[in-house]
Amino acid sequence: MGKIRCPLRPASMTLTRDRPEILTPPEHPPACCDQQTITVPADVAAKTRQKHDYPSAAHRRSYARRTGAERTFSTTKDPASNNIARGWTRLMGPTPLMLWLACLLAVRNQRILTAWDARQNDNARRAAAGLTPTTRRRRRKTLASLAATTAPP
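Everything numeric in this text was worked out from a predicted model, so none of it was measured.

**Things to note about the overall build of the protein**
What the protein contains, in helices and strands, is four helices and zero strands. Moving toward the C terminus, one meets the helices and strands of the protein in the order α-α-α-α. Across the 153 residues of the protein, 7% fall into the buried class. Pairs at least 24 apart in sequence give 19% of the contacts found in the protein among residues at least 6 apart. Charge separation in the protein, taken as the distance between the mean sites of 27 positive and 10 negative side-chain charges, equals 14 Å.

Here is the structure:
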């Protein structure tokens with residue numbers, strides 16, 4: 001790693017003399033000195049290990065579920081539609097709170113389904129009139145559109 005000088009690694013001996021040097025290397029060096037890579041068994045850190053390899057499509061699909069979960073939490077906590085701030089109910093204890101939260105999530109789901117149904121009906125009405133369905137406006141700019149602008153944004 002370029003930190004110490006070791007006779008078992010001839011490339012490390014070209015480092016400057018201000019680096020520490022191993023004067024008596026072991027006859028049977030450990031695996032970290034003898035090979036380029038090491039293999040970590042699956043049972044090491046199994047609790048925190050990711051299910052899928054990082055850049056794979058399976059990892060992206062699995063991580064994409066996080067967006068839905070975060071959206072659920074944010075709409076549940078949104079004071080414009082729900083209010084679960086401190087003191088939102090006078091009942092105390094886990095059982096009444098869980099019942100109220102179950103009701104809150106049911107109402108949230110009904111609100112989302114009603115909005116989805118209204119969008120579907122609007123898209124069907126527009127399709128019957130020969131119009132394209134409405135789409136949300138893109139907020140992010142592409143690199144090509146940013147490069148095409150001559151004036152600063």
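**Quick word on the pattern of salt bridges**
Note on pairing: side chains with opposite charge can pair once their charged atoms come close. By the definition in use, this model includes four salt bridges. Two residues, Glu70 and Arg66, come together in a salt bridge whose shortest N-O distance is 3.7 Å. You can see Glu70 and its partner Arg66 sitting in helix α2 (residues 57–77), four residues apart, about one turn around the helix. Residue class for Arg66 comes out partly exposed when judged on its relative accessible area of 47%. Put simply, Arg5, Arg17 and Glu21 are held in one network by salt bridges that share partners.

**Re a nonpolar patch on the surface**
Together, Ile38, Val40 and Val44 make up a nonpolar patch on the protein surface, roughly 260 Å² of accessible area in all. Here Val44 shows up in the loop between α1 (31–34) and α2.

Basis of the calculations
- Residues numbered from 1 in each chain as written.
- Predicted model: local features only at pLDDT ≥ 70, side-chain atom pairs only at ≥ 80, totals over all residues.
- Heavy atoms only, no water.
- Helix = DSSP H or I, 4+ residues; strand = E, 2+ residues; numbered from the N terminus.
- Buried < 20%, exposed > 50% of the residue type's maximum accessible area, 1.4 Å probe, protein only.
- Contact = heavy atoms within 4.5 Å.
- Lys, Arg positive; Asp, Glu negative; His and termini not counted.
- Charge placed at Lys NZ, Arg CZ, Asp CG, Glu CD.
- Salt bridge = Lys/Arg side-chain N within 4 Å of Asp/Glu carboxyl O.
- Patch = residues over 30% accessible without salt bridge, like charges linked within 9 Å, V, L, I, M, F, W, Y side chains within 5 Å.
- Areas by Shrake-Rupley, 256 points an atom, 1.4 Å probe, with all protein chains shown as cover.

Don't take any of this as a statement about function, it's just geometry.
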